[in-house]
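Single-letter residue listing:
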Amino acid sequence: QVQVVESGGGLVQPGGSLSLSCAASGTILGIGTVAWYRQPPGKERAFIALLSRTGTPDYTDSVKGRFTISGDSAKNTWYLEMRSLRPEDTAIYYCRCTLMDESGWQHFWGQGTQVTVSS
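None of the values given here were measured: they were computed from a predicted structure. (Residues numbered from 1 in each chain as written. Predicted model: local features only at pLDDT ≥ 70, side-chain atom pairs only at ≥ 80, totals over all residues. Heavy atoms only, no water.)

Observations concerning the environment of Q106
Thought 1: Looking at the element boundaries, Q106 is found in strand β10 (residues 104-109).
Thought 2: Considering only alpha carbons, one finds Q106 and T90, 16 residues apart in sequence, at a separation of 28 Å.
Thought 3: Setting aside chain neighbours within four positions, we find Q106 in contact with C97, T98, L99 and D101.
Thought 4: At 3.2 Å, the side chain of Q106 forms a polar contact with the side chain of D101. (Helix = DSSP H or I, 4+ residues; strand = E, 2+ residues; numbered from the N terminus. Contact = heavy atoms within 4.5 Å. Polar contact = N/O pair within 3.5 Å; in protein donor to acceptor, adjacent residues only side chain to side chain.)

Given below as structure tokens:
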């Protein structure tokens, strides 16, 4: 079936920037919404950004003005650009893609990538 893989996580200083990638592969027959979630240590996974089918982004308040979600649907690849990073941004970041494969529409989750913001 379809596979989704995140990449780009790592260590970054407070105030720094980092860009994450989300790549989907397999038999993709349709593309819906793409969203990013994150799970800080000891916390539940939470929504942070979404890109609609029309290309309209949506963000949670804590990342507005700092994070940008974008994508290249022709390449089945989406991005999360993060700027002015704070220690509280430390989390495992997950990509969720709503895609149609041969079984129909469903959500596909990546494995997650660790982002650590620390001095």
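Description of the side chain of D89
Thought 1: Note on placement: D89 falls in the loop between β8 (77-82) and β9 (91-101).
Thought 2: A distance of 2.8 Å separates the side chain of D89 from the side chain of R66, its partner in a polar contact.
Thought 3: At a separation of 2.8 Å, a polar atom in the side chain of D89 contacts the main-chain amide nitrogen of R86.
Thought 4: Excluding residues that lie within four positions of it along the chain, D89 makes contacts with R38, R66, F67, S84, V115 and V117.

A closer look at the nonpolar core
One recurring pattern in soluble globular proteins is that nonpolar side chains are buried together.
Thought 1: Core analysis: the largest hydrophobic core is formed by 29 residues, its most contacted members being W36, L80, M82 and Y93.
Thought 2: Of all the secondary-structure elements, those providing two or more residues to this core are β3 (18-25), β4 (30-39), β5 (46-51), β7 (67-72), β8, β9 and β11 (113-117).
Thought 3: It is β9 that contributes the most residues to this core, five residues altogether. (Core = buried A, V, L, I, M, F, W, Y, C linked by side-chain atoms within 4.5 Å. Buried < 20%, exposed > 50% of the residue type's maximum accessible area, 1.4 Å probe, protein only.)

Overview of the pattern of salt bridges
Thought 1: In total, this model carries four salt bridges according to the counting rule given.
Thought 2: The salt bridge partner of D89 is R66, with a shortest N-O separation of 2.8 Å. With D89 in the loop between β8 and β9 and R66 in the loop between β6 (57-59) and β7, this pair connects stretches of sequence that are 23 residues apart.
Thought 3: Classification of R66 by relative accessible area gives buried; the value is 7%.
Thought 4: In this structure, a network of salt bridges that share partners links the residues R38, R66 and D89. (Salt bridge = Lys/Arg side-chain N within 4 Å of Asp/Glu carboxyl O.)

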